[in-house]
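If you want the building blocks of each chain, they are given just below.
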Amino acid sequence: MQTELEYMVNSTKDKLTFSTLQIDFMLNNIGNTDPHLRDDIIYTLFARGFIENSFTNQQQKLIAQKFIQANNLFQDINQPQGDAIFLRSFSALLGNLILTKDTQEKFLTSKQQNLLFNWSIQYLTQEKDYRGFVQGKGWAHAIAHGSDFLAATLSHPNFKPQNLQEILQIIPNILASLTQPLVDDEEERLANAFAQGIKNNKIALINFVNLIKSVSEELKSNLNSQEQINYWRLSSWIKMLHTWLFLIPEQPIIQQTLIQEIKKYYHKMGYKL
């Protein structure tokens, strides 16, 4: 089956077609520890299937149904550093594809939509394996992939936040849980999710501004402890502030707050402005 799917990846056909057996194999191996099979073949084909309209409507519904039934997103989530991270992380990417396609062309039931919305929030809340690229096994990248899933939720027209504070708390929780610096640009993907929340009116401007101010103040004050991890946490946060500066240019109150907090950071670090 792998050879068959690899042939499809390299096919020059304008539109792919998938059999049920092929889709089942892809679903069953979405977290395979072979990076070539997982990244280059299975995820690539899922992405092409949804983006290029290669899956039929019935196949899209089947994929969503089996994705929900498997509940792989939370497999062994209380045991970070294990190989189940690949299953969880690439399930998050599949969740992103499903929700993004449903935004363009509804095929999920309301119950399924609400479940996936909730999962995207809970996943980033619960995931504690922050590895990026794993030697010999490829991308884990859970924060980046989970952020893409959350971005799809915050971009979906049917998503109505029931607990905005739970969403806003995702970033402080991730920063507080860091024990090593993020090195694979996870901050940009996480920042993008929240930028989509602003652009799609899912996150109120005043709540976002308050988040920026409160997290900035806490992280800067923590530098006084002289622990290296506190610098890494602040460094990741500043990277998010810079990202928002470019991703949310149309909101003056956010721009003003971002520039103010970035200037405070540079001043604290001894730069002359």
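My aim in this report is to walk through the structure given alongside it, one point at a time. As the structure is a computational prediction, the values presented were derived from the model and not from experiment.

**Describing the overall build of the protein**
1) Next: Secondary structure summary: the protein contains 13 helices and 2 strands in total.
2) Next: The C-alpha atoms of the protein give 20 Å as radius of gyration, which agrees with the globular expectation for 273 residues (19 Å, within 12%).
3) Next: If one aligns the C-alpha atoms of the protein with their principal axes, the spans along those axes are about 60 × 40 × 35 Å.
4) Next: In the protein, which comprises 273 residues, the proportion classed as buried is 51%.
5) Next: Long-range pairs, those at least 24 residues apart, make up 72% of the contacts in the protein with a sequence separation of at least 6.

**A word on the pattern of salt bridges**
Side chains that differ in sign of charge can pair as their charged atoms come close.
1) Next: For the coordinates displayed, the defined rule picks out 12 salt bridges.
2) Next: Asp-185 is the salt-bridge partner of Lys-239, the closest N and O atoms lying 2.6 Å from each other. Note that Lys-239 is positioned in helix α12 (residues 228–247) and Asp-185 in the loop between α9 (170–177) and α10 (186–199), a separation of 54 residues in sequence.
3) Next: Asp-185 gets classed as partly exposed once you look at its relative accessible area, which sits at 37%.
4) Next: One network of salt bridges, in which partners are shared, links Asp-185, Glu-187 and Lys-239.

**A few points about a nonpolar patch on the surface**
1) Next: A cluster of nonpolar side chains, contributed by Tyr-231, Met-269, Tyr-271 and Leu-273, occupies part of the molecular surface with about 440 Å² of accessible area.
2) Next: By the secondary structure assignment, Leu-273 is in the segment after α13 (252–268).
3) Next: By relative accessible area, which is 72% here, Leu-273 ends up exposed.

**Here we look at helix α11 (residues 205–222)**
1) Next: An ideal rise of 1.5 Å per residue puts 26 Å on 18 residues; α11 measures up with 26 Å between its terminal C-alpha atoms.
2) Next: For α11, every residue scored as buried is listed here: Phe-208, Val-209, Leu-211, Ile-212, Val-215, Ser-216, Leu-219 and Lys-220. Summarising the axial view, the buried residues of α11 lie within an arc of 155°, below the 170-degree limit, and thus occupy one face.
3) Next: The inward-facing, buried residues of α11 abut α8 (164–168), α9, α10, α12 and α13.

**Examining the environment of Asp-39**
1) Next: Of note, Asp-39 is situated in helix α3 (residues 35–51).
2) Next: The sequence separation of Asp-39 and Gly-138 amounts to 99 residues, and the corresponding C-alpha distance is 7.9 Å.
3) Next: If we skip the residues at most four places from it in the chain, Asp-39 touches Thr-44, Phe-90 and Trp-139.
4) Next: A polar side-chain atom of Asp-39 sits 2.9 Å from a polar atom in the side chain of Arg-38.

**Some points on the packing of helix α4 (residues 57–70) against helix α5 (residues 84–104)**
1) Next: Running from N to C, α4 and α5 cross one another at 140°; their axes reach a closest spacing of 11 Å. The angle between the axes of α4 and α5 places the two elements in the oblique class. For the crossing formed where α4 meets α5, the hand is left-handed. Seen from α4, the contacting residues are Gln-60, Ile-63, Ala-64 and Phe-67; seen from α5, they are Ser-91, Leu-94, Gly-95, Ile-98 and Lys-101.
2) Next: Among the residues making up the contact of α4 with α5, the classes are represented as 5 nonpolar, 3 polar and 1 charged.

**Description of the packing of aromatic side chains**
For any pair of aromatic rings, the description consists of the separation of the ring centres together with the inter-plane angle of the planes.
1) Next: Tallied over the full model, the rule gives 13 aromatic pairs.
2) Next: Plain terms: the ring middles of Phe-208 and Trp-244 are 4.8 Å apart, the flat faces sit at 80° to each other, and that makes the pair edge-to-face. Placement of the pair is Phe-208 in helix α11 and Trp-244 in helix α12, with a sequence separation of 36 residues.
3) Next: What makes Phe-208 buried here is its relative accessible area of 0%.

About the thresholds
Residues numbered from 1 in each chain as written. Predicted model: local features only at pLDDT ≥ 70, side-chain atom pairs only at ≥ 80, totals over all residues. Heavy atoms only, no water. Helix = DSSP H or I, 4+ residues; strand = E, 2+ residues; numbered from the N terminus. Rg over C-alpha atoms; globule rule 2.2 N^0.38 Å. Buried < 20%, exposed > 50% of the residue type's maximum accessible area, 1.4 Å probe, protein only. Contact = heavy atoms within 4.5 Å. Salt bridge = Lys/Arg side-chain N within 4 Å of Asp/Glu carboxyl O. Patch = residues over 30% accessible without salt bridge, like charges linked within 9 Å, V, L, I, M, F, W, Y side chains within 5 Å. Areas by Shrake-Rupley, 256 points an atom, 1.4 Å probe, with all protein chains shown as cover. Expected span 1.5 Å × (residues − 1). Arc of directions from axis to C-beta. Polar contact = N/O pair within 3.5 Å; in protein donor to acceptor, adjacent residues only side chain to side chain. Axes fitted to C-alpha atoms, helices over the stretch in contact; angles between N-to-C directions. Parallel < 35°, antiparallel > 145°, perpendicular 65-115°, else oblique. Left-handed = near helix turned anticlockwise from the far one by under 90°. Nonpolar A, V, L, I, M, F, W, Y, C, P; charged D, E, K, R; others polar. Phe/Tyr/Trp six-rings, centres within 6.5 Å; stacked < 30°, edge-to-face > 60°.

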